[in-house]
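As a plain string of letters, each chain reads:
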Amino acid sequence: DAKVVLTVNNEKNYPLIYDTLTLRYQSNYRPAVGDHLEVRINSTTEEQTIARTEVPQPQKLEIIEVETELLENVEYIEEVLANNRGYVKMKLRLHDPVKEKNYYRLAIRGRYHLLGNYYQIWNLYLSSDPIFRDERLISKWGAWPTYFSDVFDDSLISDGSYEFEIKTYVLGRESAKWPVYEVSLQSITEDYYRYLKSMQLYRISRSDTYSEGVYIHSNNEGGWGLLGGISGEVHRVEPFKD
């Protein structure tokens, strides 16, 4: 029963209507780069929360090289409950504007077709490049090793571009069709960056009396939650296409 209003660029208001099927508040607003957003929530008890963000400018990502490496024997990956038939290695180049701070997440989605059904796996990739290293992540999580994070900033980028390599899995049984990958460099706001980092730290923390609590980042004044901006483009990679 809360009243939720989205204000864009301090000019136009979009009331958000609660959808009982999705359990979410929705509107017909479509984000545009550079838009300044404010979400204001008024509850039936007259409490109010406000969160603000903006839609960041997307930055360019180039796919320089793609190589495949198939295994003679299929490996079972217990962390993702799947068979691995090999790897796809990609060399990428990120273009980062100088003299401004930027925050990113590299998202890779593998699309698979097996037994007449399609399924997809998000961000199942690895890299030894220092841009993905976070010293606070002292425990592995799923198929990610220790110190690995897909969220990073441009601290290591000094001349406007940065090249790095990643490798992702080729999952599925021998009867599965070859996968297709979607690669996206997501430009994110600082608040969203800090939220994702805090969540990654939280999910490896221990639940005992000796562990230190993890603060989940919030930018909601008067309440709790995160309003973040994200933009980017998607590259389709078909390394096994004839």
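Residues numbered from 1 in each chain as written. Predicted model: local features only at pLDDT ≥ 70, side-chain atom pairs only at ≥ 80, totals over all residues. Heavy atoms only, no water.

Draft legend 1. Expanded view of the overall build of the chain. Along the chain, the regular secondary structure elements total one helix and 15 strands. Each principal axis of the C-alpha distribution contributes one length, and for the chain these read about 65 × 45 × 40 Å. Counting all 242 residues of the chain, 42% fall into the buried class. Residue pairs at least 24 apart in sequence account for 67% of intrachain contacts in the chain once pairs closer than 6 positions are excluded. Summed over all atoms, the accessible surface of the chain reaches about 14,900 Å², with 47% contributed by carbon and sulfur. (Helix = DSSP H or I, 4+ residues; strand = E, 2+ residues; numbered from the N terminus. Buried < 20%, exposed > 50% of the residue type's maximum accessible area, 1.4 Å probe, protein only. Contact = heavy atoms within 4.5 Å. Areas by Shrake-Rupley, 256 points an atom, 1.4 Å probe, with all protein chains shown as cover.)

Draft legend 2. Here's a closer look at the sheet that holds strand E4 (residues 36-42). The sheet built from six strands is open, its strands ordered E3-E2-E1-E4-E5-E14 with antiparallel pairing. Each edge of the open sheet is held by one strand with a lone partner, namely strand E3 (24-26) and strand E14 (220-221). Both strand E1 (residues 3-8) and E4 contribute to a ladder of six bridges, which runs antiparallel. Residue pairing in the sheet places Thr7 in a bridge with Glu38 of E4. (Pairing = 2+ DSSP bridges.)

Draft legend 3. Quick look at unusual backbone geometry. Despite not being glycine, Asn9 has its phi angle at roughly 55°, a positive value. With respect to the helices, strands and loops of the structure, Asn9 is situated in the loop between E1 and strand E2 (12-19). On the accessibility criterion, Asn9 (29% relative accessible area) is partly exposed. Backbone geometry at Lys99 places phi at a positive 65°, although glycine is not the residue there. Relative to the assigned elements, Lys99 resides in the loop between strand E7 (82-95) and strand E8 (103-114).

Draft legend 4. Quick look at the packing of aromatic side chains. Under the counting rule described, the total for this entry stands at 15 aromatic pairs. Between Tyr104 and Phe152, the aromatic rings sit 5.8 Å apart at their centres with planes inclined by 35°, giving tilted as the arrangement. Taken together, the residues span a long stretch of sequence, with Tyr104 in strand E8 and Phe152 in strand E11 (residues 151-153) at a distance of 48 residues. For Phe152, a relative accessible area of 2% puts it in the buried group. Ring centres of Phe132 and Phe148 lie 5.6 Å apart, and the angle between their planes is 25°; this geometry places the pair in the stacked category. Within this pair, whereas Phe132 is found in the loop between strand E10 (125-126) and E11, its partner Phe148 is found in the loop between E10 and E11, the two being separated by 16 residues in sequence. Assessed through its relative accessible area of 5%, Phe148 is described here as buried. By way of ring pairs, the aromatic residues Tyr104, Tyr125, Phe132, Trp141, Trp144, Phe148, Phe152, Tyr162 and Phe164 are connected into one cluster. (Phe/Tyr/Trp six-rings, centres within 6.5 Å; stacked < 30°, edge-to-face > 60°.)

Draft legend 5. Region of the structure containing the environment of Gly229. Within the secondary structure, Gly229 is located in the loop between E14 and strand E15 (230-237). With a relative accessible area of 5%, Gly229 lands in the buried category. If we skip the residues at most four places from it in the chain, Gly229 touches Thr53, Glu54, Pro56, Ser187, Ile188, Thr189 and Tyr192.

Draft legend 6. The arrangement of the pattern of salt bridges in detail. The tally for this structure, following the rule as stated, stands at 16 salt bridges. One salt bridge connects Lys89 with Glu69, and the closest N-O pair in it is separated by 3.2 Å. Note that Lys89 is positioned in strand E7 and Glu69 in strand E6 (residues 61-77), a separation of 20 residues in sequence. Classification of Lys89 by relative accessible area gives partly exposed; the value is 35%. Residue classification places Glu69 among the partly exposed residues on the basis of a relative accessible area of 32%. For Arg109, the salt bridge is made with Glu182, and the minimal N-O distance between the two is 2.4 Å. Of this pair, Arg109 sits in strand E8 while Glu182 sits in strand E13 (residues 180-188), and the two are 73 residues apart along the sequence. With relative accessibility at 13%, the residue Glu182 sits in the buried group. Connected through salt bridges with shared partners, the residues Glu38, Arg40, Arg52 and Glu221 form a single ionic network. (Salt bridge = Lys/Arg side-chain N within 4 Å of Asp/Glu carboxyl O.)

Draft legend 7. Looking closely at the environment of Leu6. Tracing the backbone shows Leu6 in strand E1. Assessed through its relative accessible area of 8%, Leu6 is described here as buried. Between the C-alpha atoms of Leu6 and Arg236, which are 230 residues apart in sequence, the distance is 33 Å. Ignoring sequence-local partners within four residues, the contact set of Leu6 consists of Lys12, Asn13, Tyr14, Leu16, Ser27, Tyr29, Leu37, Glu38 and Val39.

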